[in-house]
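# Summary of the model geometry
Listed below, chain by chain, are the residues.
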Amino acid sequence: MIIEFVGADVEAAGKSIAALTSSWGHQPEPALTAEPANDPDVKGVDPVAVASLVVSIPSAMLAVADIADRIHKRRRASELIELAQQLRAQQAAARLVREDRSVDLATLTPDQLLDLIADEPSTT
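Think of each chain on its own: its residues are numbered from 1, step by step along the sequence as written. Only residues with pLDDT of at least 70 are given local features in this predicted model, and only at 80 or more are side-chain atom pairs given and counted; all residues enter the totals for whole chains, interfaces and linings. As a convention, hydrogens and water are excluded, and side-chain values are obtained from all of the structure's heavy atoms.

### Comments concerning the pattern of salt bridges
This is how it is decided: Each salt bridge in this description consists of a side-chain nitrogen of Lys or Arg and a carboxyl oxygen of Asp or Glu lying within 4 Å of one another. Helix and strand definitions follow DSSP, with helices as H or I runs of at least four residues and strands as E runs of at least two, each counted in order from the N terminus. With a 1.4 Å probe rolled over the protein chains alone, any residue whose accessible area is under 20% of its type maximum counts as buried; one over 50% counts as exposed, and the rest are partly exposed.
Throughout the structure, instances matching the rule amount to 6 salt bridges. A salt bridge links aspartate 69 to lysine 73, with the shortest nitrogen-to-oxygen separation between them at 3.1 Å. Here the residue aspartate 69 and the residue lysine 73 both occupy positions in helix H3 (residues 59-89), the gap between them amounting to 4 residues, near one helical turn. Its relative accessible area of 34% is what places aspartate 69 among the partly exposed residues. In this structure lysine 73 comes out as partly exposed when scored by relative accessible area, which is 43%. Among the salt bridges present, the one from aspartate 100 reaches arginine 98, with a minimum N-O distance of 3.7 Å. Judged by its relative accessible area of 58%, aspartate 100 is exposed. What makes arginine 98 buried here is its relative accessible area of 16%.

So this is what it looks like as structure tokens:
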């Protein structure tokens, strides 16, 4: 996910988001360009391996894992949106940058944010 900061105090906004994501165990990686990195060494997913993995996991366990993951991600999305709303009050905006547009994080609900992220093509 790429988050762009615009406004009066973008450095403080970046530090606030970095502190939040660090508490989740993810270190932010500043991007120098708006272009996504195209690494020629990145391999595609082997469809046979994925199919065998899906078949080997009972569907009930997979559904429970998906629900638990969604709840965990929704909580994180809510924290991120709350921080974006606080930043907006400080005259800075946190924006989610997508290929076709950018969206102000403070205006989204947690479910909308998760849906936008799920619609993004994977960079790995």
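Moving on, there is more to tell.
### Section: the sheet that holds strand E2 (residues 92-97)
The criterion, for reference: Two strands form a pair only when DSSP identifies at least two bridges running between them. Every axis in this analysis is a line fitted to C-alpha atoms, fitted for helices over the stretch in contact. Angles between the N-to-C directions lie between 0 and 180 degrees.
Strand order in the open sheet formed by 3 strands is E1-E2-E3, with antiparallel pairing between adjacent strands. Of all strands in the sheet, those with a lone pairing partner are strand E1 (2-7) and strand E3 (102-104), marking the two edges. For this sheet the average axis-to-axis angle between neighbouring strands, irrespective of direction, equals 35 degrees.

### Some points on helix H4 (residues 110-119)
Let me state the cut-off plainly: Note that the arc is computed from the directions linking the helix axis to the C-beta atoms.
Every buried residue of H4 is accounted for by Pro110, Leu113, Leu114 and Leu116. With its buried residues spanning 160 degrees around the axis, H4 presents them on a single face. Residues of H4 that are exposed and point more than 90 degrees away from the buried face comprise Ala118 and Asp119.

### Brief notes about the nonpolar core
For the record, the criterion: Throughout this description, the term nonpolar core refers to a set of buried Ala, Val, Leu, Ile, Met, Phe, Trp, Tyr and Cys residues connected via side-chain atoms within 4.5 Å. Contacts are assigned to residue pairs that have any heavy atoms within 4.5 Å of one another.
Ranked by size, the top nonpolar core spans 20 residues in total, and within it Leu80, Leu87, Leu105, Leu108 and Leu113 carry the most contacts. Contributions of two or more residues to this core are made by helix H1 (10-23), H3, E2 and H4. Looking at this core element by element, the count peaks at 6 residues for H3. Setting aside residues no more than four positions away along its own chain, leucine 113 makes contact with Ala77, Leu80, Ile81, Leu96, Leu105 and Leu108.

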